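Working through the structure, step by step
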Amino acid sequence: MAAHPKNETEMNYQQAEDYILSFTDYEKIPGIAYTSANYDLRRMEKLLQPLGNPHLGAKTVHIAGTKGKGSTAAMISQVLITSGYKTGLFTSPHLHTLRERVRINGTMISEADFAALVTKLKPIVEKVNDEAAYGELTTFEILTAIVFAYFKNSQVDFQVLEVGLGGRLDATNVAKADICVITSLSLDHTEILGDTIAKIAAEKAGIIKPVCIVVSAPQVDEAVEVIEQACRQQQAKLIQVGKDITWHKTGGDLCHQILTVRSKTKDYNLTIPLLGDHQMENAATAVATLEALASIGTRISTQNIAQGFSQVNWPGRLQILSREPMVVADGAHNAYSMRKLVESIKNYFPHTRCLVIFGTSCDKDIQGMARELKPLADNIIVTTSSHPRAASTSTSVKEFANLGIKVDVIENVAKALSKALTAAKNTDLTLVTGSIFVVAEAIEYFTTKAASVSH
C-alpha cells in the first residue's frame with residue numbers, strides 16, 4: 001500500500017474522505033477471508049486508546065444479522081430520540097454519501113466535523129500502521145473509530161451500532177453492548193462467514209457480551225441452537241421474537257402498515273411507514289429491544305414507541321419512487337430477501353404486470369436471486385451499478401439464461417430506467433432490485449428528474 005503523507009494540516013471534507021478510502025476497503029473486495037489475520041480487534045483498541053476509548057462511553061445497542069439490521073436500528077434509534085435521548089446511529093452501507101452512515105438524532109455528521117475528526121485521527125492511524133503489530137488498519141476500522149469519537153465528543157446518551165460484516169471480528173465489536181440484537185439470519189457472504197446457517201450464526205453471535213440482554217428475531221432451528229449456546233456461555237438473557245414477543249398485522253396501504261406487537265406485559269398498536277411483512281418482524285424485534293432497554297432503567301413510554309415508529313425513515317427498502325407509472329426499489333441482495341420481496345410485490349400489486357431491473361454485486365448468489373425472480377420474469381433488464389464490486393451483466397445474463405429467462409441488457413441504471421419507463425403503461429410496475437448500489441442510482445435518477453422539473 002502506498003505510504004500516506006505525514007501532513008497534519010486541516011483537511012477539507014473531500015481530502016478526508018479520500019484519505020479514509022485510500023486504505024484497504026473490504027466492502028470493495030469480494031470474498032476476503034474472514035480471519036483474525038485480516039480482522040484483528042486489537043488494531044481497533046490501539047487506535048481508540050489515544051482517543052480516550054470513546055467506544056466505552058455511551059449505552060450501546062449492537063445489531064448483527066443478515067437481513068433487517070438497518071431497518072431495526074433505525075426503528076430503535078427513532079424511538080430513543082422520541083424518548084428524549086441524544087442518540088447516535090451508525091449503519092452501513094450508504095446510498096449516496098459516506099456521511100449517511102453516521103447520524104445523531106437523525107442528522108448526518110457535517111462535512112466540517114468529519115474532516116476535523118479525520119485530521120485528528122490521521123497521526124494516530126499512521127502510528128498504528130507504522131508499528132503494524134496486528135496488521136494495517138482498514139477503511140471500515142478508521143470510519144468506526146471516527147464514529148466512536150464523534151459520538152463521545154457529542155456526548156450521546158445512546159449509540160445504536162449496526163455490524164458491518166459478521167460480528168465476532170467486526171470493528172464495532174470493541175463496544176460493550178448493553179443489548180445485543182440478532183436479526184434474521186440467512187445465507188449471505190458465504191465465502192467469508194461460512195456456508196451453513198450454523199457457521200454464520202456463530203459469527204453473528206460473536207457480538208454477545210457477558211451478562212448482556214440478547215434479542216433474537218425468529219431464526220431457523222440450527223441458528224437458535226447456536227445463539228442459545230452463546231447466551232449460556234456468556235450468562236446472557238435471551239429474548240426470542242416470535243415466542244416471547246409476537247405481532248400481527250391489522251391494516252395498511254401503499255404508504256404504511258398497521259400492526260399490534262404483543263409482549264408479556266402489554267400490547268403496542270403501531271403504524272410504520274415501511275412496507276413488507278419482514279418490516280413487521282423488524283418492528284417486533286425493535287420493540288423487544290426497547291422493552292429490554294426499559295428493563296435496565298431507560299425511560300421509554302408506550303407513547304414514545306408509537307410515535308417513534310410512525311416517524312421512522314429507511315429508504316431503499318420497498319420504496320415507492322414513482323406512482324404513475326409505479327416504480328418500486330428494494331435492496332434485496334440474496335435469495336432469501338429476494339423471495340420475501342417477490343412475496344411482497346405479489347401481495348401489494350396482485351394483478352400488475354411487472355418489469356424488473358436487476359443488478360447485483362459479484363460476490364452474491366445470483367443464481368438464487370434469479371430463481372426467486374422467475375415468477376416475475378416476463379420482462380427483465382439486467383444492468384450494473386458503478387460500484388467497484390458490481391457483477392458484470394454477462395454473469396447475471398448467464399444465470400437467467402440457465403433458467404430459460406430472456407433478458408435485455410442495458411449497461412447503466414439511468415438508461416435502464418429510462419427504457420423501462422418508456423415501455424411501461426401507467427398500470428405497470430417497474431421493480432429495481434439486486435443491490436443497494438443499484439437502488440441508490442435509481443433514487444438518484446428520480447431525485448435528479450424531480451429537481452429538473454422543479455427548475
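Predicted model only: the values in this text are computed from it and were never measured.

1. Description of the overall build of the protein chain
Along its length, the protein chain carries 15 helices and 17 strands. For the protein chain, the C-alpha radius of gyration of 22 Å lies close to 23 Å, the compact-globule estimate for 455 residues. In terms of overall dimensions, the protein chain has a C-alpha envelope of 60 × 55 × 50 Å along the principal axes. In the protein chain, the proportion of contacts linking residues at least 24 apart, taken out of those at least 6 apart, comes to 73%.

2. Re empty space enclosed by the protein
Scanning all chains against the criterion turns up one cavity of 30 Å³ or more. Roughly 30 Å³ of internal volume is contained in the largest cavity. The class makeup of the residues in the lining of the largest cavity is six nonpolar, no polar and one charged.

3. Some words on the state of the cysteines
What the rule picks out here adds up to zero disulfides. In this model Cys 180 remains outside any disulfide bridge; the closest cysteine sulfur is found in Cys 212, 3.7 Å from its own. On the basis of relative accessible area, Cys 180 is assigned to the buried category, the value being 0%.

4. As for the sheet that holds strand β9 (residues 246-252)
Taken together, the three strands give an open sheet; going across it, the order is β9-β10-β11, and neighbouring strands pair in antiparallel fashion. Two strands in the sheet have a free side with no partner beyond their single neighbour: β9 and β11 (267-272). Across the sheet, the axes of successive neighbouring strands diverge by a mean angle of 25 degrees, strand direction being ignored. Pairing analysis gives six bridges linking strand β10 (residues 257-262) to β11, with the strands arranged antiparallel. Each bridged residue has a counterpart across the sheet, and for Leu 259 the counterpart in β11 is Leu 270. The strands touched by helix α9 (residues 277-295) within the sheet are β9, β10 and β11, with β10 carrying the most contacts at an inclination of about 40 degrees.

5. A word on the pattern of salt bridges
Taken as a whole, this structure holds 13 salt bridges when the rule is applied. The partner of Arg 168 in a salt bridge is Glu 203, and the shortest N-O contact between them spans 2.8 Å. Here Arg 168, found in the loop between β5 (158-162) and β6 (179-182), pairs with Glu 203, found in helix α7 (residues 197-204); they are 35 residues apart in sequence, far enough to count as distant. On the basis of relative accessible area, Arg 168 is assigned to the partly exposed category, the value being 36%. Between Glu 343 and Lys 340 there is a salt bridge; the shortest N-O distance is 3.9 Å. Residue Glu 343 and its partner Lys 340 are located together in helix α11 (residues 335-348), separated by three residues, close to a single helical turn. Judged by relative accessible area, which is 43%, Glu 343 ranks as partly exposed.

6. With respect to the nonpolar core
In this structure, Phe 90, Phe 114, Val 118, Leu 121, Val 125, Ile 142 and Phe 151 are the most contacted members of the largest nonpolar core, which totals 41 residues. It is helix α5 (residues 139-153) that provides the largest number of residues to this core, a total of 10 residues. Apart from the residues within four sequence positions on either side, Leu 121 is in contact with Leu 47, Leu 51, Ile 142, Ala 145 and Ile 146. Membership of the second largest hydrophobic core comes to 39 residues, among which are Ile 76, Leu 274, Leu 290 and Leu 293.

7. Topic: the packing of aromatic side chains
Per the counting criterion, the structure on display carries seven aromatic pairs. Between Tyr 85 and Phe 158, the ring centres sit 5.2 Å apart and the planes meet at 85 degrees, which makes this aromatic pair edge-to-face. Highlighted residues: Tyr 85 in the loop between α3 (69-82) and β2 (87-90) and Phe 158 in strand β5, separated in sequence by 73 residues. With respect to class, Tyr 85 is no different from Phe 158; both count as buried. Ring centres of Phe 90 and Phe 140 lie 5.8 Å apart, and the angle between their planes is 20 degrees; on these two criteria the pair is classed as stacked. Of this pair, Phe 90 sits in strand β2 while Phe 140 is found in helix α5, placing the two residues 50 residues apart along the sequence. Directly above the aromatic system of Tyr 13 lies the positively charged group of Arg 99, at a separation of 6.0 Å from the ring centroid.

8. Quick look at α9
Along an α-helix, a turn takes 3.6 residues, which lines up residues three or four apart on a common side. For α9, spanning 19 residues, the distance from its first C-alpha to its last is 28 Å, which sits close to the expected 27 Å at 1.5 Å a residue. In terms of residue burial, α9 counts as a mostly covered element, since 14 of its 19 residues are buried. Of the residues one or two after α9, Gly 297 is the one with positive phi, at around 105 degrees.

9. Comments concerning the sheet that holds strand β15 (residues 379-382)
What links the strands of a sheet is backbone hydrogen bonding, and the strands pair in either a parallel or an antiparallel sense. Taken together, the six strands give an open sheet; going across it, the order is β12-β13-β17-β14-β15-β16, and neighbouring strands pair in mixed fashion. This sheet does not close on itself; its edge strands, each paired only once, are β12 (319-323) and β16 (408-409). Bridge analysis of strand β14 (residues 354-358) against β15 gives four bridges, and the strand direction is parallel. Paired with Leu 355 across the two strands is Asn 379, which belongs to β15. Those strands touched by helix α13 (residues 393-402) are β14, β15 and β16, and its axis lies near 155 degrees from that of β15.

10. Considering the pairing of strand β7 (residues 213-216)
Side chains of β7 alternate between two faces, with Ile 213 and Val 215 and Val 214 and Ser 216 buried alike. Direction of pairing for β6 relative to β7: parallel, over a ladder of four bridges. Bridging across to β7, Ile 179 finds its partner in Ile 213. Alignment of β7 against strand β8 (residues 237-240), held across four bridges, turns out to be parallel. Each bridged residue has a counterpart across the sheet, and for Val 215 the counterpart in β8 is Ile 239.

Reading guide: rules and limits
- Residues numbered from 1 in each chain as written.
- Predicted model: local features only at pLDDT ≥ 70, side-chain atom pairs only at ≥ 80, totals over all residues.
- Heavy atoms only, no water.
- Helix = DSSP H or I, 4+ residues; strand = E, 2+ residues; numbered from the N terminus.
- Rg over C-alpha atoms; globule rule 2.2 N^0.38 Å.
- Contact = heavy atoms within 4.5 Å.
- 1 Å grid on protein atoms, 1.4 Å probe; cavity = no way out; pocket = protein on both sides within 12 Å on 5 of 7 lines; lining within 4 Å.
- Points joined across faces, edges and corners; volume = space filled by probe spheres on them.
- Nonpolar A, V, L, I, M, F, W, Y, C, P; charged D, E, K, R; others polar.
- Disulfide = S-S within 2.5 Å.
- Buried < 20%, exposed > 50% of the residue type's maximum accessible area, 1.4 Å probe, protein only.
- Pairing = 2+ DSSP bridges.
- Axes fitted to C-alpha atoms, helices over the stretch in contact; angles between N-to-C directions.
- Salt bridge = Lys/Arg side-chain N within 4 Å of Asp/Glu carboxyl O.
- Core = buried A, V, L, I, M, F, W, Y, C linked by side-chain atoms within 4.5 Å.
- Phe/Tyr/Trp six-rings, centres within 6.5 Å; stacked < 30°, edge-to-face > 60°.
- Lys NZ or Arg CZ within 6 Å of the ring centre and 35° of its normal.
- Expected span 1.5 Å × (residues − 1).

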